[in-house]
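Structural description and commentary
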Amino acid sequence: MQRVQLLIGGRDLDAANGATFVRLNPMTGEPATTAAAASVADGIAAAEAAAAAFPAWSSLGPSARRAKLLRAAEVLEAQAGRFVEAVTTETGATAGWTHFNVFLAAGMLREAASMTSQIGGEVIPSDVPGSLALSIRQPAGVVLGLAPWNAPIILGVRAIAMPLACGNTVILKASEVCPATHRLIGTVLQEAGLEPGVINVITHDAKSAPAVVEGMIAHKAVRRVNFTGSTGVGRSVALLAAKYLKPVLLELGGKAPLIVLADADIDAAVDATVFGAYANQGQICMSTERVIIEEPVADEFAAKLSRRVAALPSGDPRQGEVVLGSVVGLSTVERVQRLVQAAVAEGATLLTGGSAQGTVMQGIVVDHVTPAMALFRDETFGPQVSITRVRSADEAVRLANDTEYGLSASVFSRDIARALDVARRIESGICHINGPTVHDEAQMPFGGVKASGYGRFGGKAGIDAFTETRWITIQTTPRHYPF
């Protein structure tokens, strides 16, 4: 069992009140991690440590910040084995998923490093004679990043990489589901040479989360907040940020549609669906949850997809290579099975899957799902995909948009002009033509619309999110005043 302490001001600390909590291995029910259960006082101490480190870090030149972030990418990759152990025992994910997390997170650190010298400004023409008007970007201050458990290394690093590149100091609030995994990110950045207080990591138990989070958001040094997670919790974070007038970036839930038009390459669409629906057991915000397909090709697609999914190997990821490892807990199994069973009772057809051994689920495909069914609307966050048949591309767009969510989507068609027209009409922050709904790159503007959140991570969008824009003027000649 792993033991995790807080990281505050460069020091490994127990919670001020000595409290701890235990994260259980979802596959065995045995303790995986014992972690410090931070109090409000600990969160405030982290904010103050970050504030104390801000002047030096924010004044560090871009090349020096770049070098530290590049070093962090190297250290992260070298720690892949430790991450695999932590992620598997805390979340039940496969080693392959963890290695992918390490790969993409290292890329995010390198992309953030490349952006340190891209934080620019502009000269704006002024109507005042002799006035040189400048728009410049400056570090905002302390950034609080709240990261989830499902892609813990990718999303933990994403919460802090661009803020650090922009000259901010950071607090990473770990998920109570994977405290050891998120705490290890702090260790990586320390080993890369970040000074004490530049990176702080807070772990807490579930019952303390609301008070600890509010205490940090309320702190005067915290100038930006970013949250990745469920829409329900995201609404609560948004309300807190509004209460204290703190800008917040939210990347929330999804119910990603993959539209298959009648002229699509069916095999390519099947490949994308298998990857998009079942990677990490469907526990990705971009997971393909709905296939919306034109009638003429629906039978062929459904037959090919169900055969592929039925053959996906599943099992305990500690025992060998599998595609479908453990979901995060029995509550996921119960939620997915409940939604699937309700859809079948209402007339849908279960093509494959549905059983589970503990927290290891078979991949599920449900055909003839209609918008009246909860399975069509509710985010399952599990290894299932539904198929809904339509008569036209216009109907496909209407059903794709018939959801509160708007994160990722895909369109498959050999007619690129037609596919682009469909993509433009889908209400989502991200849409891929002839590619899977699950797709992320460090340099891309990543985020959603509607109940999937607002704001964008990635590349230059990250600079917008994590810096302050200031207007500065220099009067170069005597100025005329009216009195």
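In the block above lies the structure referred to throughout.
Just so it is clear, the model here is predicted, and its values are computed rather than measured.

Examining the pattern of salt bridges
Under the criterion given, the structure shown has 25 salt bridges. For Arg-398, the salt bridge identified is with Glu-395, shortest N-O distance 3.9 Å. Of the two residues, Arg-398 and Glu-395 both sit in helix α13 (residues 393–400), three residues apart, roughly one turn of that helix. A salt bridge links Arg-425 to Asp-421; the shortest N-O distance between them is 3.2 Å. With Arg-425 and Asp-421 both in helix α14 (residues 416–425), this residue pair falls four residues apart, about one helical turn. Take Arg-425: its relative accessible area is 34%, and that puts it in the partly exposed class.

Considerations on the packing of helix α3 (residues 80–91) against helix α6 (residues 179–191)
Where α3 meets α6, the closest approach of the two axes is 8 Å, and the angle between their N-to-C directions is 160 degrees. By the angle between their axes, α3 is roughly antiparallel relative to α6. Seen along the crossing, α3 lies across α6 with a hand that is left-handed. Contacts between α3 and α6 involve Arg-82, Phe-83, Ala-86, Val-87 and Glu-90 from the first element and Pro-179, Ala-180, Thr-181, Leu-184, Ile-185 and Val-188 from the second. Along the lines of polarity and charge, the residues of the contact of α3 with α6 split into eight nonpolar, one polar and two charged.

Thoughts on the pairing of strand β7 (residues 131–139)
As defined by bridge partners, strand β6 (residues 122–124) adjoins β7 across three bridges and the pair is classed as antiparallel. Considered in β7, the bridge of Val-123 is made with Leu-134. What sits between the antiparallel neighbours β6 and β7 is a turn of six residues, in which Gly-130 has the positive phi angle 80 degrees. As defined by bridge partners, β7 adjoins strand β23 (residues 467–475) across nine bridges and the pair is classed as antiparallel. Across the sheet, the residue bridging to Pro-139 is Thr-467, located in β23.

Here we look at unusual backbone geometry
A positive phi angle, near 55 degrees, is found at Phe-381, a position not held by glycine. Note on placement: Phe-381 falls in the loop between α12 (374–377) and β19 (384–390). Phi is positive for Asn-434, close to 60 degrees, though the residue is something other than glycine. Looking at the secondary structure, you find Asn-434 in the loop between β21 (432–433) and β22 (453–454). Overall, Asn-434 belongs to the partly exposed group, its relative accessible area being 37%.

Let's talk about the side chain of Asn-150
Turning to its location among the elements, Asn-150 is positioned in the loop between β8 (142–146) and α5 (152–165). Within polar-contact distance, the side chain of Asn-150 engages the backbone oxygen of Gln-283 at 3.1 Å. When residues no more than four places from it in sequence are discounted, the contact partners of Asn-150 are Trp-97, Leu-155, Asn-280, Gln-283, Ile-284, Cys-285 and Phe-381.

Considering the side chain of His-432
Along the chain, His-432 turns up in strand β21. Sequence-distant contacts of His-432, defined by excluding residues within four places in its chain, comprise Ser-408, Ala-409, Ser-410, Val-411, Thr-437 and His-439.

Re the pairing of strand β9 (residues 169–173)
Burial runs high along β9: five of the five residues are buried. Where burial is concerned, the two faces of β9 agree: the one with Thr-169, Ile-171 and Lys-173 and the one with Val-170 and Leu-172 are both buried. Here β8 runs beside β9; their pairing, made up of five bridges, is parallel. Bridged to Val-143 within β9 is Val-170. For the segment spanning β8, α5 and β9, crossover handedness is right-handed. By the bridge criterion, four bridges tie β9 to strand β10 (residues 199–202) in an arrangement that is parallel. Each residue of the ladder has a partner; that of Val-170, found in β10, is Ile-199. As for the winding sense of the linkage, the β-α-β connection from β9 through α6 to β10 is right-handed.

Structural notes on the nonpolar core
Grouped together as the largest cluster of nonpolar side chains are 62 residues, with contacts concentrated most on Leu-76, Leu-109, Ile-160, Leu-164, Leu-189 and Ile-199. The dominant element in this core, judged by the number of residues it contributes, is α5, at 10 residues. Sequence-distant contacts of Ile-199, that is, excluding residues within four places in its chain, are made with Leu-7, Ile-160, Val-170, Leu-172, Gly-186, Leu-189 and Leu-194.

Section: a nonpolar patch on the surface
Where nonpolar side chains cluster on the molecular surface, the patch consists of Met-1, Val-22 and Leu-24 and spans about 310 Å² of accessible area. In this fold, Leu-24 is placed in strand β4 (residues 20–24). Among the residues examined, Leu-24 registers a relative accessible area of 40% and is labelled partly exposed.

A closer look at the sheet that holds β6
Spatially, the three strands line up as an open sheet ordered β6-β7-β23, and their pairing is antiparallel. Two strands lie at the open edges of the sheet, namely β6 and β23, each paired on one side alone. Neighbour to neighbour, the strand axes of the sheet diverge by 30 degrees on average, direction disregarded. The strands that helix α15 (residues 459–466) touches are β7 and β23; relative to β23, the one it contacts most, it runs at about 70 degrees.

A look at the sheet that holds β4
If you trace the three strands from one edge of the open sheet to the other, you get β1-β5-β4, paired in mixed fashion. This sheet does not close on itself; its edge strands, each paired only once, are β1 (2–4) and β4. Averaged over all adjacent pairs, the angle separating strand axes in this sheet is 20 degrees, with direction ignored. Relative to strand β5 (residues 31–36), β1 runs parallel, the two being bridged by three bridges. Paired with Val-4 across the two strands is Ala-35, which belongs to β5. Packing against the sheet, α6 makes contact with β1, β4 and β5, and its axis sits at approximately 60 degrees to β1.

Cut-offs used in this document
Residues numbered from 1 in each chain as written. Predicted model: local features only at pLDDT ≥ 70, side-chain atom pairs only at ≥ 80, totals over all residues. Heavy atoms only, no water. Salt bridge = Lys/Arg side-chain N within 4 Å of Asp/Glu carboxyl O. Helix = DSSP H or I, 4+ residues; strand = E, 2+ residues; numbered from the N terminus. Buried < 20%, exposed > 50% of the residue type's maximum accessible area, 1.4 Å probe, protein only. Axes fitted to C-alpha atoms, helices over the stretch in contact; angles between N-to-C directions. Parallel < 35°, antiparallel > 145°, perpendicular 65-115°, else oblique. Left-handed = near helix turned anticlockwise from the far one by under 90°. Contact = heavy atoms within 4.5 Å. Nonpolar A, V, L, I, M, F, W, Y, C, P; charged D, E, K, R; others polar. Pairing = 2+ DSSP bridges. Polar contact = N/O pair within 3.5 Å; in protein donor to acceptor, adjacent residues only side chain to side chain. Right-handed = clockwise from strand over helix to strand, strands pointing away. Core = buried A, V, L, I, M, F, W, Y, C linked by side-chain atoms within 4.5 Å. Patch = residues over 30% accessible without salt bridge, like charges linked within 9 Å, V, L, I, M, F, W, Y side chains within 5 Å. Areas by Shrake-Rupley, 256 points an atom, 1.4 Å probe, with all protein chains shown as cover.

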